[in-house]
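Residue strings, one per chain:
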Amino acid sequence: VIHSQAQINKEQKKALHQFKKGTIYLDREEYKRAAKIFRKLVNDSPKTSLELVTMFNLGVAYEGLNMCKSAAVAYRRVIRGAAADQERMRAQALFRLSQAYECLGDDAKVISSLIDVIRRRKLLPQEVGYAEVPARLAAAYARIGNRKLANQYFAEAERGLKQISNQRGSQKRKKEILARTLFLMGKLDPKQLQQEDSKKYLQSLEYMQRYLLKSIEMDHDKWSPKSAKQLVKAYDSIWVIVKDIDREKQETTDELVQRRLEGKKQNLLAGAINSIDILKRERFPTENKNYLLDSLFSSLAQRQKEFNTYLADNNLGTETTKENESRFGVHRKGRSITPKKGK
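Throughout, residues of each chain are indexed from 1 in the direction in which the sequence is written. Side-chain atom pairs in this predicted model are given and counted only at pLDDT of 80 or more, local residue features only at pLDDT of at least 70, and totals for whole chains, interfaces and linings cover all residues. Computation of side-chain values covers all heavy atoms of the structure but excludes hydrogens and water.

(A) Spatial organisation of the pattern of salt bridges. Here, a salt bridge means any side-chain nitrogen of Lys or Arg that lies within 4 Å of a carboxyl oxygen of Asp or Glu. The tally for this structure, following the rule as stated, stands at 22 salt bridges. Two residues, Arg33 and Glu30, come together in a salt bridge whose shortest N-O distance is 3.2 Å. Under the scheme applied here, a residue whose accessible area is under 20% of the maximum for its type counts as buried, over 50% as exposed, and between as partly exposed, the area being computed with a 1.4 Å probe on protein chains only. Exposure remark for Arg33: the relative accessible area of 49% places this residue in the partly exposed category. Through salt bridges that share partners, Asp246, Lys249, Glu262 and Lys265 make up one connected network.

(B) Main features of the packing of helix α11 (residues 198–217) against helix α12 (residues 223–236). Put simply, α11 and α12 touch, their axes get as near as 9 Å, and they point 155° apart. With respect to their mutual orientation, α11 and α12 come out roughly antiparallel. When you trace α11 past α12, the crossing you get is left-handed. Contacts between α11 and α12 pair Tyr201, Leu205, Gln209, Leu212, Ser215 and Ile216 from the former with Trp223, Ser224, Ser227, Ala228, Gln230, Leu231, Ala234 and Tyr235 from the latter. Charged means Asp, Glu, Lys or Arg here, nonpolar means Ala, Val, Leu, Ile, Met, Phe, Trp, Tyr, Cys or Pro, and polar covers whatever is left, Gly included. In the contact of α11 with α12, the residues fall into 9 nonpolar, 5 polar and no charged. Axis definition: a line fit to C-alpha positions, over the contact stretch in the case of helices; interaxial angles, taken between N-to-C directions, run 0 to 180 degrees. Secondary structure elements are taken from DSSP: a helix is a run of H or I of four residues or more, a strand is a run of E of two residues or more, and numbering for both begins at the N terminus. Oblique is the label for every angle not falling under 35 degrees (roughly parallel), over 145 degrees (roughly antiparallel), or within 65 to 115 degrees (roughly perpendicular). Each helix crossing is assigned a hand: it is left-handed if the near helix lies turned anticlockwise from the far helix by less than a right angle, otherwise right-handed if that turn is clockwise. Contacts were defined at the residue level, with two residues in contact if any of their heavy atoms lie within 4.5 Å.

(C) View of the packing of helix α13 (residues 238–250) against helix α15 (residues 291–313). Between α13 and α15, the shortest axis-to-axis distance is 12 Å and the interhelical angle comes to 15°. Looking at the two axes, α13 sits roughly parallel to α15. Read as a crossing pair, α13 and α15 show a hand that is left-handed. Contact residues: α13 offers Ile238, Trp239, Val242 and Asp246, while α15 offers Glu306, Phe307 and Tyr310.

(D) Highlighting the nonpolar core. Judged by nonpolar contacts, the single largest core of 95 residues is most densely connected at Met185, Tyr211, Tyr235, Ile238, Leu296 and Phe307. If you tally residues by element for this core, the top one is helix α7 (residues 126–143), at 10 residues. In this structure, Met185 is in contact with Ala131, Glu132, Ala135, Arg136, Ala157, Leu161, Met208 and Tyr211, ignoring residues within four places of it in sequence. Among buried residues, those of type Ala, Val, Leu, Ile, Met, Phe, Trp, Tyr and Cys that are joined through side-chain atoms within 4.5 Å constitute a nonpolar core.

(E) Here's a closer look at a positive patch on the surface. Together, Arg180, Lys187, Lys222, Lys226, Lys229 and Lys233 make up a positively charged patch on the protein surface. Residue contributions to the positive patch peak at 3 residues, all from α12. Examined against the element boundaries, Lys226 turns out to sit in helix α12. Patch membership requires over 30% relative accessible area and the absence of a salt bridge. Like charges are linked within 9 Å, and nonpolar side chains (Val, Leu, Ile, Met, Phe, Trp, Tyr) within 5 Å. Only the protein chains shown count as cover for residues, with accessible areas throughout obtained via the Shrake-Rupley method and a probe of 1.4 Å. Counted as positive: Lys and Arg. Counted as negative: Asp and Glu, with His and the chain ends omitted from the count. Charge positions are represented by NZ for Lys, CZ for Arg, CG for Asp and CD for Glu.

(F) Representation of the packing of aromatic side chains in the model. Ring geometry is summarised as follows: Phe, Tyr and Trp rings, the Trp one being its six-membered ring, pair when their centres sit within 6.5 Å, and such pairs are stacked at plane angles under 30 degrees, edge-to-face over 60 and tilted between the two. Per the counting criterion, the structure on display carries 8 aromatic pairs. Centroid distance Tyr141 to Tyr153: 5.8 Å. Interplanar angle 10°. Geometry classified as stacked. With a gap of 12 residues between them, Tyr141 in helix α7 and Tyr153 in helix α8 (residues 147–165) connect regions that are remote in the sequence. Consider the rings of Trp239 and Tyr310, whose centres lie 5.6 Å apart with planes at 65°: the pair is edge-to-face. Placement of Trp239 in helix α13 and of Tyr310 in helix α15 is noted, with a sequence separation of 71 residues between them. Ring-pair connections join several aromatic residues into one group, and the members of that group are Phe154, Tyr207 and Tyr211. When the ring centre of Phe154 is taken as reference, the NZ or CZ atom of Arg210 above it lies at 4.2 Å. Two conditions define a charge sitting above a ring: the NZ of Lys or the CZ of Arg must be within 6 Å of the ring centre, and it must be within 35 degrees of the ring normal. The ring of Tyr207 has Arg210 sitting right over it, with the charged end atom 5.0 Å from the ring centre.

What follows is the structure, given as structure tokens:
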């Protein structure tokens, strides 16, 4: 079928209008509507300069819908299709691909993708390439038990935060960038608890919660409340695996399996209790009143009490296991990034 140039131009204008509409839906986090538009554009529209961006936005919409496998497919198509002069697009797609793999629980691919991103970090915003990316790498290495590399990339993320903090610019703008970056660095999807074992989840939580705490301490009107909500949700989600363990225990009569499940539950709850203690020690002392911070620690104290009560009521005890002693009994390093007064 041969189309006239006028007809092609008309179709392109229509596609551009739909693209802008889909972008508005993305900004509003109306992911279902956005995905419908971008999927149709990918399938039906003529080839345009917006083709890769459309595919990228489709991946973002799929992420918002927790369709992580579909998001990964979209990002891989962007990476393969990016030309030599589209390295920035490739770098962005690689970073989003690592998040899709994180959602899927594939830490080997998370690490591989993020290492590729590191090589292209100069193409990304500084807060992403030099703070968020190494922070996500630190969490991934922690989940696979490589504490040496986890600590290495954690230190790199801290240096990245310092660079951002030392940048010139208005204090208001810098505060927003820092609070947002810290939120994104610490963002931990609770659904990972259903995909990972409890040990991996606690290792992720231990590394990521410090960033959320720092974001809250920035006292930003948008990002600090989001960080507090994320942190409380992370601990609330622990009850999901506790209920799953109880359900699994009821479905078996094997005493060895039951004891193993009880041990797993004890380690999870004891680890959560210790993680909250770690967070308490990392709280930066200040004379300034921060009601959000006070409310957060009040909520976490209540969760800690509930965890302890559950252990006691179910005769699990709260003895620290050897694993928890090695993870939580070491001296914690001091804070290297601290928000200053007035920021």
